[in-house]
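The chain contents come next:
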Amino acid sequence: MSQRYLFTSESVTEGHPDKICDQISDTILDALLAQDPASRVAAEVVVNTGLVLITGEITSKAQVNFVDLARQKIAEIGYTNADNGFSAASCAVMVALDEQSPDIAQGVNTAQESREQMSDQALDAIGAGDQGIMFGFACNETPELMPLPICLAHRISLKLAAVRKTGQLSYLRPDGKTQVTVVYEDGRPVGIDTILVSTQHTAAIGEITDDVAVQNKIKADLWALVVLPVFSDIAIKPDQQTRFLVNPTGKFVIGGPQGDSGLTGRKIIVDTYGGYSRHGGGAFSGKDPTKVDRSAAYAARYVAKNIVAAGLAAKCEVQLSYAIGVARPVSIFVDTFGTGQISDQRLLELVKQHFELRPAGMIQTFGLKHLPSDRGGRFYQDVAAYGHFGRPDLDLPWEQTDKADLLKEAAGKVFSGASS
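So, how was this worked out
- Residues numbered from 1 in each chain as written.
- Predicted model: local features only at pLDDT ≥ 70, side-chain atom pairs only at ≥ 80, totals over all residues.
- Heavy atoms only, no water.
- Helix = DSSP H or I, 4+ residues; strand = E, 2+ residues; numbered from the N terminus.
- Buried < 20%, exposed > 50% of the residue type's maximum accessible area, 1.4 Å probe, protein only.
- Polar contact = N/O pair within 3.5 Å; in protein donor to acceptor, adjacent residues only side chain to side chain.
- Contact = heavy atoms within 4.5 Å.
- Core = buried A, V, L, I, M, F, W, Y, C linked by side-chain atoms within 4.5 Å.
- Axes fitted to C-alpha atoms, helices over the stretch in contact; angles between N-to-C directions.
- Parallel < 35°, antiparallel > 145°, perpendicular 65-115°, else oblique.
- Left-handed = near helix turned anticlockwise from the far one by under 90°.
- Nonpolar A, V, L, I, M, F, W, Y, C, P; charged D, E, K, R; others polar.
- Disulfide = S-S within 2.5 Å.
- Expected span 1.5 Å × (residues − 1).
- Pairing = 2+ DSSP bridges.

### What to know about unusual backbone geometry
Peptide bonds are mostly trans, and most non-glycine residues show a negative phi.
Here comes step 1: Unlike most non-glycine residues, L145 shows phi in positive territory, near 60°.
Here comes step 2: Phi at D186 takes a positive value of approximately 50°, unusual for a residue other than glycine.
Here comes step 3: Following the sequence through the fold, D186 ends up in the loop between strand 6 (172-185) and strand 7 (188-201).
Here comes step 4: For D186, a relative accessible area of 52% gives the class exposed.

### A look at the side chain of S11
Here comes step 1: Counting through the fold element by element, S11 comes out in strand 1 (residues 4-12).
Here comes step 2: Of the residues examined, S11 reaches a relative accessible area of 0% and is grouped as buried.
Here comes step 3: A polar side-chain atom of S11 sits 2.9 Å from a polar atom in the side chain of H154.
Here comes step 4: Of note is the side chain of S11, whose polar atom sits 3.1 Å from the side chain of S157.
Here comes step 5: Discounting chain neighbours no more than four positions away, the residues touching S11 are A153, H154, S157, K177, T178 and V270.

### Some remarks on the nonpolar core
Here comes step 1: Formed by 107 residues in total, the largest nonpolar core has its most connected members in V52, L222, I307 and W398.
Here comes step 2: Examining the composition of this core, we find that 11 residues originate from one element, helix 9 (residues 292-309), more than from any other.
Here comes step 3: Among all residues touching V52, those that are not within four sequence positions of it are I24, V45, V46, V47, I74, F86, C91, A92, V93 and M94.

### A short note on the packing of helix 9 against helix 11 (residues 359-366)
Here comes step 1: Where helix 9 meets helix 11, the closest approach of the two axes is 10 Å, and the angle between their N-to-C directions is 65°. Put simply, helix 9 runs roughly perpendicular to helix 11. The chirality of how helix 9 crosses helix 11 is left-handed. Touching V292, S295, A296, Y298, A299 and Y302 of helix 9 are P359, M362 and F366, all from helix 11.
Here comes step 2: Of the residues in the contact of helix 9 with helix 11, the class split is 8 nonpolar, 1 polar and no charged.

### Focus: the environment of G85
Here comes step 1: Its place among the elements puts G85 in the loop between helix 2 (66-77) and strand 4 (92-98).
Here comes step 2: In the structure, G85 is positioned 34 residues away from L51 in sequence and 9.6 Å away in space, judged by C-alpha atoms.
Here comes step 3: Non-local contacts of G85, meaning those with residues more than four positions away in its chain, are made with T49, G50 and Q258.

### Section: the state of the cysteines
Here comes step 1: Across all of its chains, the model carries 0 disulfides by this definition.
Here comes step 2: Considering cysteine sulfurs only, C21 is the nearest to C91, which forms no disulfide, with 11 Å between them.
Here comes step 3: The thiol sulfur of C139 is not disulfide-bonded, and the nearest other cysteine sulfur, from C151, lies at 9.5 Å.
Here comes step 4: Relative accessible area serves as the criterion here: at 1%, C139 is assigned to the buried category.

### Notes on helix 5 (residues 148-165)
Here comes step 1: Here helix 5 contains 18 residues, and its C-alpha end-to-end distance of 26 Å stays within 8% of the 26 Å for a straight helix at 1.5 Å per residue.
Here comes step 2: Most of helix 5 sits out of view: 13 of its 18 residues are buried.
Here comes step 3: Once helix 5 finishes, G167 follows within two positions and takes phi at roughly 90°, a positive value.

### Some words on helix 11
Here comes step 1: Counting buried positions over the 8 residues of helix 11 gives 6, a clear majority of the element.
Here comes step 2: For helix 11, the set of buried residues is P359, A360, G361, M362, I363 and F366.
Here comes step 3: Downstream of helix 11 by one or two residues, G367 has phi in the positive range, about 60°.

### As for the sheet that holds strand 1
Here comes step 1: An order of 1-6-7-8 is seen for the 4 strands of this open sheet, with the pairing classed as mixed. Of all the strands in the sheet, just strand 1 and strand 8 (243-246) have a single pairing partner and so form its edges. Strand-to-strand, the axes of this sheet are offset by a mean angle of 15°, without reference to chain direction.

### Some thoughts on the side chain of R301
Here comes step 1: With respect to the helices, strands and loops of the structure, R301 is situated in helix 9.
Here comes step 2: Within the local environment of R301, its side chain forms a polar contact with the backbone oxygen of E144, the two atoms lying 2.9 Å apart.
Here comes step 3: With residues up to four places along the chain from it excluded, the contact list for R301 reads G136, F137, A138, E144, L145, M146, Y273, F389, G390, W398 and E399.

### Focus: the sheet that holds strand 11 (residues 331-335)
Here comes step 1: Read across the sheet, 3 strands follow the order 5-10-11 without closing on themselves; strand pairing throughout is antiparallel. The open sheet has two edge strands, strand 5 (132-139) and strand 11, and neither has a second partner. Shown here is a sheet whose adjacent strand axes are inclined to one another by a mean of 15°, direction ignored.
Here comes step 2: Across 8 bridges, strand 5 lies against strand 10 (residues 315-322) in antiparallel orientation. Paired with G136 across the bridge in strand 10 is V318.
Here comes step 3: Contacts from helix 9 reach strand 5, strand 10 and strand 11, with the element oriented near 30° to strand 5.

Right, dumping it as structure tokens:
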């Protein structure tokens, strides 16, 4: 008997209060690493009506203007009108920063900043910046090897921002959320049950002032200019049974930090797999890569994606755990949910053999301290909205599948050995 169920994931736009905070935190990180790759950063941001608070712990030789960085990012997002209750030019920006605790720093202070290949002994000498657990995931539901619900939710959020910024739908404002419910049968997506879009907008659209008429206009525009283009290259599409909900409360005029406060690190499920995979609890934004909450989550995704790209599993989840000041993972766990072409234990052996999972090694593999010269000083801030994984619009090192062929070949040898 086939099993049929629904699964839902959400995304938020770059103008969502929590995402404003994530982007400011990662803009600060980009600026500090550009001048001083040895910077230790844990930048937290809070926003509310007319207010930005930058706090946390930063140890760096870099000289940056935190207030200017915050205002520039807020303007880029689209908050340039004081009528929103939050504007780049008029908001107050407060800075309250401390240095990193020496008790935390001592575990990673031996880190070498050279981009040259480090010795195995040197890699072992550089411990994790904290304890914790991290998960990485991949599945073959989409070309990005991501779950379909979060993939679609992000695509709709990105398109929602695009039509606002190009002026196609000039009445839209920066804050917004999307949600997609996918129909599954026997573990595979087969349909779209519900699409939900909540988007901030002006009170009137041209001469349309009636609330119901405004919402009808928004719903028709979003279907034509946002939803349908998103599904143009996707085999599974909305049909007559698909529900399309827009601003279900009846309107969404007051939004952004005026409507709700924001905080760095509060959208960890949006940042990862939309709830489809487990999460270790650690946020990403504002943290330099010595924090394994970030670098090890990237590495776990890299491992899982290469296993799926190699055809060794239809879906794969990898868990890593670390102890503060200790380089090698305390544990590594691989789960293919019964879809593996070889046993999970054999896959674990291949992971240990072919992937670098020590903090300094992960930083070196992905170039996480030395920002790409062709990105204009932008790197972390670009993943601070619309997800850190499955981003075909960005050339992210942890999204590469350069080990897939190696794993396939090694798995063939393992499989042959097990059969002989």
